[in-house]
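Take a look at the letters that make up each chain.
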Amino acid sequence: MNERIRNLHKNRIFSLLVWLIAIFVAIVMLPNTSNLVQEYGQPQLANNSQPMVASAIQSKWGRNVSNTYNVTAVFNNPSGKLTTTQLAAVDKTMERLAGKEATYGIKDVRTMETNPTAKDQFLSKDGSTEIVKLAVSKDQGSMNLIAKQLDEQIQTTGLNTYVTSPEIINSAASEKISQATSVATVIVFILSLLIIGIVFKSLIAPVISTLSMLMMYAVSLSIINNLASRTSFPYSEYLPLMVMLLTVIYGLIGHFYLFRSFKAQLVAGVDRQAAVKNSIRSIRTFTLATGLTLAVIFGGFYFFKFSTLRSMSGLAIVALVTMIGVITISSIFLSLLGDRFFWPAVDGQPKGYGFWNRLAKFGLWQPAIAIVVVAYLVGAFAYAYHDKLNFSATDTLATTQNAVAGNKVVSAHFGAGQTTPVTIYVQSKTRLDNERALLQLDNLTAKLQTMKGVSSVTSLTQPNGQPISEYYVTNQLNNLNLQLKGATDQLTTIKSDLNTDRSELNAVKLQQEADKISKLASKTSQLSSDTDTVHSQVTQIAGRASVTQRSNASKLVRRYQRLLSLINTQLQTVASNMEVLSSEVSSSRSTAENTQSTVSSYASQLKVIQTSLKKSTTSLNGLIQSYTNIYNYLSALQASDAAKVYYITPEQLTITTFQHSLLTNSSANYKTTALTVYLKQSANSHDTSQTVAHLQSEVNTQLQGTALKDAKVAFTGQPVVQATIKHNFHHYIGWLALLVAGVLFIVLAALSRSVLQPLYWLLTYGLSVIASFQIGELINRFVSGTADFNWQVPLIAMVPIITFGATQLIELALDYRRNEAPLLDWLLPGLTATGQSFRHRLFGIIVVCLGLLAVNFGPLTQAGLVVIAAVIVFNIALPIIAAAVGKLTVTLPQHTRKHRETTKEN
């Protein structure tokens, strides 16, 4: 029994059982990768980021639209303007959809029929496209499902219909990435068969190698997916692809060294069991060093507070699993098969690889010239590289995709920024449906409309993106001027009538004039009240006029207020006198019929009346002149910038138009409102992030010192999300490069027991990587017409670049350490020997990258180009620089010492 157990252990059967159990558990417990990509693939922003704060505000909006997606339904007539019949068909389609709101989770529908004041937001200027804005519950399901359901429901005869939104496009991009990853995985694993088969001229070795890597891949992916689904471990849409690339590239390199060592042992006549042990022992240091280095590098990504980078820390698990798998899985079959493992290969002397030998000779021949040549050629590409990354998911999808096509239609007919506006939430501690708060919101709206890069702004005070004239002082002053003009005309008429009555007194006419003057006194009181309003409006002018202008306007208004008060008093006195006079005239006339003695008294009364009328006429002259002065002042004020102030009266707050805007643009408690900013350029424009930053700065500045100074402001929308991702990416990418360089330098210095040589190697490595991005951009521009890389391309390319860089430099460091000869004696043979293995590594990585190119998916193609350029440039630059700086390290101090000795002798 013990002998049987020893045989099982000797043949590594227990290792095989452990891996079989591990792979069984991994497959059984493997969560669906596509679902994880859909659910967690998009970058997860910090809770205190602007989009997340805005999302929290929107979730408490009320009005039945909390926790909803904004979706745009597009109806386009490709032949021209929408006809009346087609417009009616669109209305009918929306009526049909409205009857199924509960089925499809539709919480709100906005059309140009329900928003007549904002018609320009729903119907294009050329009349060919109408859009309908839907609020769909987030509980309805995935965005792909929502888009599919709505797309089927909005089909309208004779029209092209689309359903689009940034969320739908992102979801479609995630689905496309999952499909591309699956295809790439199949292609790359098939290519791994060819790579090992070609290198070792065997049929069995590639099968065993590929099966081993499949087991490592399944176990690694299962661990990472379970961490993401069961814990808060971050996940990204390209993480499964990165897991595959690291497993295959590191697995290929590890298997190459293991198989090569095992073959060498067999050729030397060593027993297969001993050959396996010796092979594992020979690669143990290299495998442990590379595996732990990669684990530390990728594990360090967890400390970056950006979900996409943090998710890459899961690759540390992949590095460890692959490191263990390389040593344990394939060795089982090596022990069982022995030399049959390489069937049907025929033993032969491997051909020498002289490329690195020739490059190293060039570096040793003229070190300074060699360094200058490499710096000039490689450094020129590195210096010319400029980071122009594209942070939009739109460019990763085909234009035939429904959401992308709909986005392009809306952009063409409404403007590039129509489908991706910036939404600004303003949350106050008090209600916003009052004149004081509305004035500040309108000032903010007007200010944002004048900003560079902004197409239009809609808000509570300007629901159609245009000022409503009735709510501005200039329009209200116009109404006051009309009233003043009418009052002045009435006073002129009264003056004429009084002049006539001075010669022909008539009780009836006097009574009529008295009535007119009483009404005029009432109007004067109203004008006085209106002037108080004007004074209030003028004092509220902020930023529209200078301090001197506001002071002068305020003084003039107070002056006319006093004058109106005096006029009002005089008119009331005149009216009272007219009433008395009219009564006296009537009494005098009745008395005159009865007695002659009253004639003289009546005559004297008439004189008194005429005198009073004369005084009244004089007062009316003053009134007319005062009204004329007030009219001229208010006309001038109306034409000035000081009158361009938002002021909504209490009566206007209750009208239907404003109440509709209030329901649309404010929360249920009236304490939060939203401003929608439509940009001139699309969200993926390079200038958009600058525009967003300018918007944020301007809003904060505009609200300072106002009634909304303490309000919470949050920005959201696709441009803001992309600007946030861009900021995080650029903020951490430098630290990421420092982490990789720092870990590699420490490892290389420790392994090589040198400081200068690893530093030179790392500088060459970094220069080659930067240059490769520029070369990749040039090739991509030539092939596809655009040089912009998707923002995740550097992260995808980073996995193979770090892997091949770490393995190559660690091998060089180990060889440098094992060398006992002087540095100059080691450089040429050492670099030549390293080049023998590097050619196979170079061949394997290029073939894997060609597999990425075969998928024909933009980001994978771009990443493949960068990696191919990096390994080729590094393959050329490293032997030249290593030989050149190695020689200078020895010879330069000697020349310096000799020069000093010569100087002393002289």
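This section reports on the structure supplied with the text. (Residues numbered from 1 in each chain as written. Predicted model: local features only at pLDDT ≥ 70, side-chain atom pairs only at ≥ 80, totals over all residues. Heavy atoms only, no water.)

When helices and strands are tallied, the chain shows 28 helices and 10 strands. Within the chain, residue pairs in contact and separated by at least 24 positions form 82% of the contacts whose partners lie at least 6 positions apart. Counting only carbon and sulfur atoms, one obtains 57% of the accessible surface of the chain, whose full area is about 41000 Å². (Helix = DSSP H or I, 4+ residues; strand = E, 2+ residues; numbered from the N terminus. Contact = heavy atoms within 4.5 Å. Areas by Shrake-Rupley, 256 points an atom, 1.4 Å probe, with all protein chains shown as cover.)

Let us look at the sheet that holds strand β3 (residues 129-137). Pairing in this open sheet of four strands is antiparallel, and the strands run β2-β3-β1-β4 from one edge to the other. Each of the sheet's edge strands pairs with one partner strand only, and the pair in question is β2 (106-110) and β4 (160-164). Taking each pair of neighbouring strands and ignoring which way they run, the sheet shows an average axis angle of 20°. Of the strand pairs in this sheet, strand β1 (residues 68-76) and β4 are connected by five bridges, and their pairing is antiparallel. Residue pairing in the sheet places A73 in a bridge with V163 of β4. Seen against the sheet, helix α5 (residues 84-98) touches β1, β2 and β3 and runs at an angle of roughly 10° to β3. (Pairing = 2+ DSSP bridges. Axes fitted to C-alpha atoms, helices over the stretch in contact; angles between N-to-C directions.)

Attention now goes to empty space enclosed by the protein. Over the atoms a probe the size of a water molecule is rolled, and this reveals where empty space is left. Tallying each qualifying case throughout the model produces four cavities of 30 Å³ or more. Counted as a void, the largest cavity has a volume near 130 Å³. In terms of lining, the largest cavity is formed by 13 residues, of which the most central are L252, I253, H840, R841 and G844. Tallied by class, residues from the lining of the largest cavity come to nine nonpolar, three polar and one charged. Volume-wise, the second largest cavity comes out at about 110 Å³. Lining the second largest cavity are 13 residues, with F391, A683, S685, Q722 and K726 sitting closest to its centre. Ranked by residue count, the leading element in the lining of the second largest cavity is helix α24 (residues 718-752), at four residues. (1 Å grid on protein atoms, 1.4 Å probe; cavity = no way out; pocket = protein on both sides within 12 Å on 5 of 7 lines; lining within 4 Å. Points joined across faces, edges and corners; volume = space filled by probe spheres on them. Nonpolar A, V, L, I, M, F, W, Y, C, P; charged D, E, K, R; others polar.)

Whether parallel or antiparallel, the strands of a sheet pair through hydrogen bonds between backbone atoms. Across the sheet, four strands lie side by side as β7-β8-β6-β9; this open sheet has antiparallel pairing. Looking at strand neighbours, the two that pair on one side only are β7 (454-458) and β9 (712-716), the edges of this open sheet. Looking at each pair of strands side by side, their axes are set apart by 20° on average, direction ignored.

Among the nine residues that make up β3, eight are buried, leaving the element largely enclosed by the rest of the structure. Relative to β3, β1 runs antiparallel, the two being bridged by nine bridges. In the sheet register, T72 faces β3, and the bridge partner there is K133. Here β2 pairs with β3 via four bridges, running antiparallel. Following the sheet pairing, R110 is matched in β3 by K133. (Buried < 20%, exposed > 50% of the residue type's maximum accessible area, 1.4 Å probe, protein only.)

Right, let's talk about the packing of aromatic side chains for a bit. Per the stated rule, a full pass over the model turns up 26 aromatic pairs. On the numbers, 4.9 Å between centres and 65° between planes, the contact of F259 with F341 is edge-to-face. Separated by 82 residues along the polypeptide, F259 in helix α10 (residues 239-267) and F341 in the loop between α13 (315-337) and α14 (355-365) bring together distant segments of the chain. Residue classification places F341 among the buried positions, given a relative accessible area of 0%. Considering the side-chain rings of F341 and F342, the 5.2 Å spacing of their centres and the 85° angle between planes classify their relative orientation as edge-to-face. Judged by its relative accessible area of 6%, F342 falls in the buried class. Feature note: the residues F200, F256, Y257, F259, F262, F286, F341 and F342 constitute an aromatic cluster, connected by ring pairs. One Lys or Arg, R63, reaches over the ring of Y670 and ends 5.1 Å from the middle of that ring. K133 extends its terminal NZ or CZ atom over the ring of F122, reaching a point 5.4 Å from the ring centre. (Phe/Tyr/Trp six-rings, centres within 6.5 Å; stacked < 30°, edge-to-face > 60°. Lys NZ or Arg CZ within 6 Å of the ring centre and 35° of its normal.)

Relative to the elements of secondary structure, T93 occurs in helix α5. Discounting residues that sit within four places of it in the chain, T93 has contacts with F75, Q153, I154, Q155 and T156.

Our next topic: unusual backbone geometry. Of the consecutive residues W343 and P344, the connecting peptide bond is found in the cis state with omega at 5°. Its place among the elements puts P344 in the loop between α13 and α14. Despite not being glycine, K201 has its phi angle at roughly 50°, a positive value. Secondary-structure assignment places K201 in the loop between α8 (166-200) and α9 (204-230). Although it is not a glycine, Y670 adopts a positive phi angle of roughly 65°. Relative to the elements of secondary structure, Y670 occurs in the loop between α22 (656-665) and β8 (672-679).

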